[in-house]
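Survey of secondary and tertiary structure
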Amino acid sequence: MLTDSRSFMSFPRHEYFRRVLCNLLGHDMDAGEIPNDEKLVGGMVCNICFANAEKFLGLELPAMK
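Note that the coordinates shown come from a computational prediction; the quantities given were computed from them, not determined experimentally.

**Focus: the side chain of Glu54**
By secondary structure assignment, the location of Glu54 is in helix H2 (residues 38–57). Despite its burial, Glu54 pairs with no opposite charge, the nearest such side chain being Lys55 at 7.1 Å. If near-sequence neighbours (up to four positions away) are discounted, Glu54 is found in contact with Leu59 and Leu61.

**Description of the pattern of salt bridges**
In total, this model carries two salt bridges according to the counting rule given. Note that Glu15 is salt-bridged to Arg18, the shortest N-O span being 3.1 Å. Separated by three residues within a single helix, Glu15 and Arg18 lie in helix H1 (residues 10–30), roughly one turn from each other. Its relative accessible area of 31% is what places Arg18 among the partly exposed residues. One salt bridge connects Arg19 with Glu15, and the closest N-O pair in it is separated by 2.9 Å. Of this pair, Arg19 and Glu15 both sit in helix H1, four residues apart, roughly one helical turn. Look at Arg19 and you get exposed, because its relative accessible area is 58%. With a relative accessible area of 30%, Glu15 lands in the partly exposed category.

**Side note on H2**
When the terminal C-alpha atoms of H2 are compared, their 27 Å separation across 20 residues agrees well with the 28 Å that a helix rising 1.5 Å per residue should span. Of all bends in H2, the biggest is about 55 degrees, found at Asn47. Listed in full, the buried residues belonging to H2 are Val41, Val45, Ala51 and Glu54. Two or three places before Lys39, at the start of H2, stands the capping residue Asp37, its side-chain oxygen 3.2 Å from that residue's backbone nitrogen. Where H2 terminates, the next one or two residues include Gly58, which has phi positive at roughly 70 degrees.

What counts and how
Residues numbered from 1 in each chain as written. Predicted model: local features only at pLDDT ≥ 70, side-chain atom pairs only at ≥ 80, totals over all residues. Heavy atoms only, no water. Helix = DSSP H or I, 4+ residues; strand = E, 2+ residues; numbered from the N terminus. Buried < 20%, exposed > 50% of the residue type's maximum accessible area, 1.4 Å probe, protein only. Lys, Arg positive; Asp, Glu negative; His and termini not counted. Salt bridge = Lys/Arg side-chain N within 4 Å of Asp/Glu carboxyl O. Contact = heavy atoms within 4.5 Å. Expected span 1.5 Å × (residues − 1). Bend = angle between axes of the 7 residues up to and from the residue. Polar contact = N/O pair within 3.5 Å; in protein donor to acceptor, adjacent residues only side chain to side chain.

This is a description of form; function is not addressed.
Dropping the structure here:
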C-alpha cells in the first residue's frame, strides 16, 4: 500500500513546509534571535529540506548551486 508521501499531492505540502520554515527563520533573524547571516541560515534550510535526507538515504545527486 502506498503512503500519501508518494502521492502527487504531497509536493505542495512539502513546499508549504519550506515556505513556513523560511518565514519563521526570517522573522527570527529580523528579531535578532538568530544571527543575521544569510549564508549560515540558508545552509541550515538547505540541510533541513534536502541535504539531510540525501545523506540519510545515501543518494549521490549532482551538487546544487
